[in-house]
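The residues making up each chain are set out below.
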Amino acid sequence: MRKILSTWCSHEGSGLEMNMLEDLESLQFEYGIQKEDHSWLYLQGRSRGLMIKACAHATFFCKLLCNLRESLHKKQTSRCVLTGLLAAIPNDELKVGIIGGGNLGKQLARVLLQLVPIPAENLRISTRRPEVLDEFQKLGIQCFYHNPYLVDWANVLFLCCLPSQLPNICLEIQTHLEKGCIVYSFVAAVPIARLKLLLNHTNILRPQYQCVENVNIWGAGKDITAALQDPVILQATCPYSAAGGIILNIKWLEGVFHAALNICTAKDMPHLQVLQLLNELFLSVHFEDCEKDEASCPKFQLHDFVDQVYTKHLPQRRPFPWFDLTAVQLKETPFTQHFSTSTAFRDHLTYLYCDLFGISLTKEQQPGVSISSSSK
C-alpha cells in the first residue's frame, strides 16, 4: 500500500507524499502492538532522549575544544610576533574520528557537522561497512575501515561501536593512541576503569546517564539536529537538567574541564595563564544582573584543580600536572566540592551551554537542576 501511494504521490510532489502518509494509522510505530504491551512504548521516547542528550553533550564538548584551540593558536601567534619569530604557526585544528557507522555514529556525525560546525575535512569515520555511508562521502568526509589509521590522525576519538566489538578495537588502536588524544566513549556497557585497562590510556571521557522517570519531551517527528535547535529540547539537555527524566552524571563535566587543562599542559602553558584563559572562554558569558555585582561571578581558581599542598610548591610558570581523566570521573577531586556548593557556578555553566547553541537564557529560564555524581 505504501509503495503504491508513494509512486502516485511522487508525480504530485514529495511534500504531498509526506502529508498523505504522515497520519496513516497503519504506518505508525504503535500499530500492531498489543494493548497489554503499550506500557513499554515509553522506552522508544527514552531511547530517543538518550540519543539527543548524548549528541548534545558531544557537540558542547567539541565546541569548547574548538574555542580553546583557536584561542591557544591566537596567543601563540601573538607571542611569536612580539618576540620577532614571524614564521607561520600551523593552526592546531580539532580533528574528530568516529569508530562505528551505525545509528549513533551517523547521528553524531550529522550533528557535529552542522552544529559545531566541524568542517568535512576534519571529520573521518571508520566502520566495517563504509560503502553504506554514501551520504557522508558525498560531503567530503573520508569513510573507510582502518581503525589504527583513524587513531593516528585524530585528536578526539568517539567510540560508537557495540560492546562486543570493543575489546578487539582497543587491541587494534592502543599502540596508536597519542597521550593527548581524547577518547570519548559511548559504549555504556563498558565502565571507564575497564576501558582504561583495555586502551592503556587515561585521557578518556565517558558520560553516564540515569533514567529516573518516563517523560517524553523529545520531539518524535524531528531529526536529532533539528531537535537540538528547539529551545525547549535543548534546555532539557543542559548538563544540570533533569527534564525529560534523564540525568547526566556531572562527573563528566569535571572530566571536560580537566581535559581542557591537559590540552594547555601539552602546550607547556603556565598554570596562571591557563586559569585566565579558562575564565575568558568558559565563564565570560554572564547574566544581565552580573554587571551590578561582578564580584559574585564565579572564577576558576588554582585550588579548584589541585590540593593546597601542591599549590604551595607550584612555581608560577609551571604548567598544571597531567590529569588522569578516568580518575577525575571516578573519584572526589578539589573541583567536585566547587560543583556541589556553587549555585552561581552551575548557573553560569548552564548559561554558557545554551549560549554555545545560540540560545540566551535569563535566570528565570534556568532548567530544573539535578546533580548526579555517583560513579561506576
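Everything below is about the structure shown above.
So, here is what we can say about the structure in this document. Owing to the predicted nature of the structure, the values given are computational and were not obtained by experimental measurement. (Residues numbered from 1 in each chain as written. Predicted model: local features only at pLDDT ≥ 70, side-chain atom pairs only at ≥ 80, totals over all residues. Heavy atoms only, no water.)

## What about the packing of helix α11 (residues 251-266) against helix α15 (residues 334-341)?
So, step 1. Look at α11 against α15: their axes get within 10 Å of each other, and the N-to-C directions meet at 125°. Taken together, α11 and α15 sit at an angle that is classed as oblique. When you trace α11 past α15, the crossing you get is right-handed. Judged by residue contacts, Lys251, Leu253, Glu254, Phe257 and His258 of α11 engage Phe335, Thr336 and Phe339 from α15.
So, step 2. Its residues assigned to classes, the contact of α11 with α15 shows four nonpolar, two polar and two charged. (Axes fitted to C-alpha atoms, helices over the stretch in contact; angles between N-to-C directions. Helix = DSSP H or I, 4+ residues; strand = E, 2+ residues; numbered from the N terminus. Parallel < 35°, antiparallel > 145°, perpendicular 65-115°, else oblique. Left-handed = near helix turned anticlockwise from the far one by under 90°. Contact = heavy atoms within 4.5 Å. Nonpolar A, V, L, I, M, F, W, Y, C, P; charged D, E, K, R; others polar.)

## Observations concerning the pairing of strand β4 (residues 156-159)
So, step 1. In β4, alternate side chains face the same way, and those of Val156 and Phe158 on one face and Leu157 and Leu159 on the other are all buried.
So, step 2. Taken together, the four bridges between strand β1 (residues 96-99) and β4 define a ladder with parallel strand orientation. Each residue of the ladder has a partner; that of isoleucine 99, found in β4, is leucine 159.
So, step 3. The sheet contact formed by β4 and strand β5 (residues 182-185) spans four bridges and is parallel. Within β5, the position partnered with phenylalanine 158 by the bridge is tyrosine 184. (Buried < 20%, exposed > 50% of the residue type's maximum accessible area, 1.4 Å probe, protein only. Pairing = 2+ DSSP bridges.)

## Digging into the nonpolar core
So, step 1. Ranked by size, the top nonpolar core spans 86 residues in total, and within it Phe61, Val96, Phe158, Leu253 and Phe300 carry the most contacts.
So, step 2. Among the elements that make up this core, the one with the highest residue count is helix α3 (residues 42-82) (13 residues).
So, step 3. Each of domain 1 (42-79 + 91-253) and domain 2 (269-357) accounts for three or more of the residues forming this core.
So, step 4. Ignoring any residue separated from it by four or fewer positions in sequence, one finds phenylalanine 300 in contact with Phe257, Leu275, Leu278, Asn279, Phe282, Leu283, Phe305, Phe335 and Phe345. (Core = buried A, V, L, I, M, F, W, Y, C linked by side-chain atoms within 4.5 Å. Domains from an automatic or database assignment.)

## Observations concerning the sheet that holds β5
So, step 1. Read across the open sheet, the six strands follow the order β3-β2-β1-β4-β5-β6; overall the sheet is parallel. A strand with exactly one partner marks an edge of an open sheet, and here the two such strands are β3 (142-144) and β6 (204-205).
So, step 2. As judged from the three bridges shared by strand β2 (residues 123-126) and β3, these two strands associate in the parallel manner. Residue serine 126 lies in a different strand from β3, and its bridge partner there is phenylalanine 144.

## Comments concerning the pairing of β2
Two faces make up the sheet, and in a regular strand the side chains alternate between them.
So, step 1. Side chains of β2 alternate between two faces, with Leu123 and Ile125 and Arg124 and Ser126 buried alike.
So, step 2. In this sheet, β2 lies alongside β1 in parallel orientation, the contact comprising four bridges. Within β2, the residue paired with isoleucine 99 across the bridge is serine 126.
So, step 3. Handedness of the crossover joining β1 and β2 through helix α4 (residues 103-115): right-handed. (Right-handed = clockwise from strand over helix to strand, strands pointing away.)

## Details of the layout of surface pockets
So, step 1. As a volume, the largest pocket reaches approximately 990 Å³.
So, step 2. Together, 41 residues line the largest pocket, and Leu104, Cys161, Phe186, Val187 and Ala188 are the ones closest to its centre.
So, step 3. Contributions of two or more residues to the lining of the largest pocket are made by α3, α4, α7 (166-173) and β7 (209-211). (1 Å grid on protein atoms, 1.4 Å probe; cavity = no way out; pocket = protein on both sides within 12 Å on 5 of 7 lines; lining within 4 Å. Points joined across faces, edges and corners; volume = space filled by probe spheres on them.)

## Re the pattern of salt bridges
So, step 1. Summed over all chains, the structure comprises six salt bridges.
So, step 2. One salt bridge in this structure joins glutamate 70 and lysine 74, with 3.5 Å as the shortest N-O distance. One end of the pair, glutamate 70, and the other, lysine 74, are both in helix α3, four residues apart, so they sit about a helical turn from each other.
So, step 3. Close ionic contact of lysine 138 with aspartate 134 constitutes a salt bridge, the shortest N to O distance being 3.2 Å.
So, step 4. For aspartate 134, a relative accessible area of 39% gives the class partly exposed. (Salt bridge = Lys/Arg side-chain N within 4 Å of Asp/Glu carboxyl O.)

None of this, on its own, says anything about what the molecule does.
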